[in-house]
Amino acid sequence: MLIDCPHCGPRDLAEFSYQGDATRTRPDPASTDTQAWLDYVYNRPNPAGRHREYWQHAGGCRAHLVVERDTLTHEIHAVAPVRGNAKSGDAA
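Residues numbered from 1 in each chain as written. Predicted model: local features only at pLDDT ≥ 70, side-chain atom pairs only at ≥ 80, totals over all residues. Heavy atoms only, no water.

Q: Tell me about the overall build of the protein chain, and name the residues and values.
A: Each helix and strand counted, the protein chain has one helix and six strands in total. Going residue by residue from the N terminus, the α and β elements of the protein chain occur as β-β-β-α-β-β-β. Judged by the C-alpha coordinates and their principal axes, the protein chain covers about 45 × 25 × 20 Å. Counting every position in the protein chain, which comprises 92 residues, the buried fraction comes to 30%. By element, 50% of the accessible surface of the protein chain is carried by carbon and sulfur atoms, the whole surface being about 5900 Å². The distance from the centre of the 10 positive side-chain charges to the centre of the 12 negative ones in the protein chain is 4 Å. (Helix = DSSP H or I, 4+ residues; strand = E, 2+ residues; numbered from the N terminus. Buried < 20%, exposed > 50% of the residue type's maximum accessible area, 1.4 Å probe, protein only. Areas by Shrake-Rupley, 256 points an atom, 1.4 Å probe, with all protein chains shown as cover. Lys, Arg positive; Asp, Glu negative; His and termini not counted. Charge placed at Lys NZ, Arg CZ, Asp CG, Glu CD.)

Q: Report on a nonpolar patch on the surface, specifying residues and quantitative values.
A: Where nonpolar side chains cluster on the molecular surface, the patch consists of Leu-38, Val-41 and Tyr-42 and spans about 300 Å² of accessible area. Mapped onto the elements, Val-41 comes out in helix α1 (residues 34–42). Exposure remark for Val-41: the relative accessible area of 38% places this residue in the partly exposed category. (Patch = residues over 30% accessible without salt bridge, like charges linked within 9 Å, V, L, I, M, F, W, Y side chains within 5 Å. Salt bridge = Lys/Arg side-chain N within 4 Å of Asp/Glu carboxyl O.)

Q: Summarise the nonpolar core; cite the residues concerned and give the values.
A: If you look at the biggest cluster of nonpolar residues, it comprises seven residues: Ile-3, Cys-5, Phe-16, Trp-55, Ala-63, Leu-65 and Val-67. Of all elements in the fold, only β1 (2–5) and β5 (64–70) reach the threshold of two or more residues within this core. With near-sequence residues (within four places) excluded, Cys-5 lies in contact with Pro-10, Phe-16, His-57, Cys-61 and Leu-65. (Core = buried A, V, L, I, M, F, W, Y, C linked by side-chain atoms within 4.5 Å. Contact = heavy atoms within 4.5 Å.)

Q: Which residues make up the packing of aromatic side chains, and what values go with them?
A: Throughout the structure, instances matching the rule amount to two aromatic pairs. Geometrically, the ring pair formed by Tyr-18 and Trp-55 is edge-to-face, given 5.4 Å between the ring centres and 75° between the ring planes. Taken as a pair, Tyr-18 in strand β3 (residues 17–21) and Trp-55 in strand β4 (residues 50–56) lie far apart in primary sequence, 37 residues in all. Judged by relative accessible area, which is 8%, Trp-55 ranks as buried. A ring pair is formed by Trp-37 and Tyr-40, whose centres lie 6.1 Å apart and whose planes are at 90°; its orientation type is edge-to-face. Taken as a pair, Trp-37 and Tyr-40 lie in helix α1 at a separation of three residues, close to a single helical turn. Judged by relative accessible area, Trp-37 falls into the partly exposed class, the value being 25%. (Phe/Tyr/Trp six-rings, centres within 6.5 Å; stacked < 30°, edge-to-face > 60°.)

Okay, here's the thing in structure tokens:
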């Protein structure tokens, strides 16, 4: 699988580190809602199809990226830096 880093160009998956789901929303840090925090920390969806994920180009420019990837085919649909990406949710 190749990920097209916006800074370095297409690179092999081995240069990248998966950082998690880019669609999750962190509860308010001041929240005392135990169930919301349990859901955020422990409940992980396992979507089939197109999904937004955080990746880091750990073996290259070290940039944090939002990658839209199909979890069934591993096809990459879009790659963008986390900063300035309005749809990225919480920053990695």
